[in-house]
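These are the residues of each chain, in order.
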Amino acid sequence: MVDPDVPSPSDPHLREYLHWLVTDIPATTGTNFGNEIVSYENPRPTSGIHRIVLVLFRQLGRQTVYEPGWRPQFNTREFAALYNLGLPVAAVYFNCQRDNGCGGRRS
């Protein structure tokens, strides 16, 4: 799960930010049965509307996947090439933006 709009959609110079990485998910189950390489981190955009993208690749078999040394400037294409994952089999995204404060209405 990555955010390609970090730190802002108008200046995404830290793209992609890695929020979550799970491998070895059996085809008939969910992510709970996979191997969590990078733990989930909530998206927390500071400005603008960010796209949060989940990408699914098919692994040819179980393999050792190493944790990337960083979350900012993760590169999904390079990661897929490194582990011979080929093209994604599925992808979905949702929009996320910062909450503008809390409490009731303001006049």
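Residues numbered from 1 in each chain as written. Predicted model: local features only at pLDDT ≥ 70, side-chain atom pairs only at ≥ 80, totals over all residues. Heavy atoms only, no water.

Trainee: Before we move on, can you summarise the environment of G34 with the specific residues and values?
Mentor: With respect to the helices and strands, the residue G34 is situated in the loop between strand 3 (21–23) and strand 4 (35–38). Ignoring sequence-local partners within four residues, the contact set of G34 consists of V22, T23, D24 and I25. (Helix = DSSP H or I, 4+ residues; strand = E, 2+ residues; numbered from the N terminus. Contact = heavy atoms within 4.5 Å.)

Trainee: Quick one: what's the story with the layout of surface pockets, residue by residue and with numbers?
Mentor: The volume enclosed by the largest pocket comes to roughly 820 Å³. Along the walls of the largest pocket sit 33 residues, with V22, I25, V55, L56 and F57 positioned nearest its centre. When contributions to the lining of the largest pocket are tallied by element, the ones reaching two or more residues are strand 3, strand 5 (49–56), helix 1 (76–82) and strand 6 (90–97). It is strand 5 that contributes the most residues to the lining of the largest pocket, four residues altogether. Here the residues of the lining of the largest pocket sort into 23 nonpolar, seven polar and three charged. Put simply, the second largest pocket is a space of about 360 Å³. In terms of lining, the second largest pocket is formed by 17 residues, of which the most central are V2, E16, V55, T76 and R77. At the level of elements, strand 5 and helix 1 are the ones that each hand at least two residues to the lining of the second largest pocket. Classifying every residue of the lining of the second largest pocket gives 10 nonpolar, three polar and four charged. (1 Å grid on protein atoms, 1.4 Å probe; cavity = no way out; pocket = protein on both sides within 12 Å on 5 of 7 lines; lining within 4 Å. Points joined across faces, edges and corners; volume = space filled by probe spheres on them. Nonpolar A, V, L, I, M, F, W, Y, C, P; charged D, E, K, R; others polar.)

Trainee: Explain the nonpolar core residue by residue, including any values.
Mentor: Core analysis: the biggest nonpolar cluster contains 13 residues, and L18, L21, F79 and L85 have the highest contact counts within it. Elements supplying a minimum of two residues to this core: strand 4 and helix 1. Among all residues touching F79, those that are not within four sequence positions of it are L21, V65, F74 and L85. (Core = buried A, V, L, I, M, F, W, Y, C linked by side-chain atoms within 4.5 Å. Buried < 20%, exposed > 50% of the residue type's maximum accessible area, 1.4 Å probe, protein only.)

Trainee: How would you explain the pattern of salt bridges if you had to name every residue and give the values?
Mentor: With the rule as written, the count across this model stands at three salt bridges. We note a salt bridge from D5 to R51, for which the minimum N-O separation is 2.6 Å. Pair noted here: D5 is in the loop between strand 1 (2–3) and strand 2 (17–18) and R51 is in strand 5, with a separation of 46 residues, a long-range link. For R51, a relative accessible area of 35% corresponds to the partly exposed category. Salt-bridge contacts for R71 lead to E41; the nearest nitrogen and oxygen are separated by 3.5 Å. One end of the pair, R71, is in the loop between strand 5 and helix 1; the other, E41, is in the loop between strand 4 and strand 5, with 30 residues separating them in the sequence. On the basis of relative accessible area, R71 is assigned to the buried category, the value being 18%. (Salt bridge = Lys/Arg side-chain N within 4 Å of Asp/Glu carboxyl O.)

Trainee: An account of the side chain of E16 is needed here, citing residue identities and associated values.
Mentor: Tracing the sequence through the fold places E16 in the loop between strand 1 and strand 2. Among buried charged residues, E16 stands out as having no salt bridge; its nearest opposite-charge side chain is R77, 6.7 Å away. Once residues within four sequence positions are removed from consideration, E16 is found in contact with V2, D3, P4, R71, P72, Q73, F74, N75 and T76. (Lys, Arg positive; Asp, Glu negative; His and termini not counted.)

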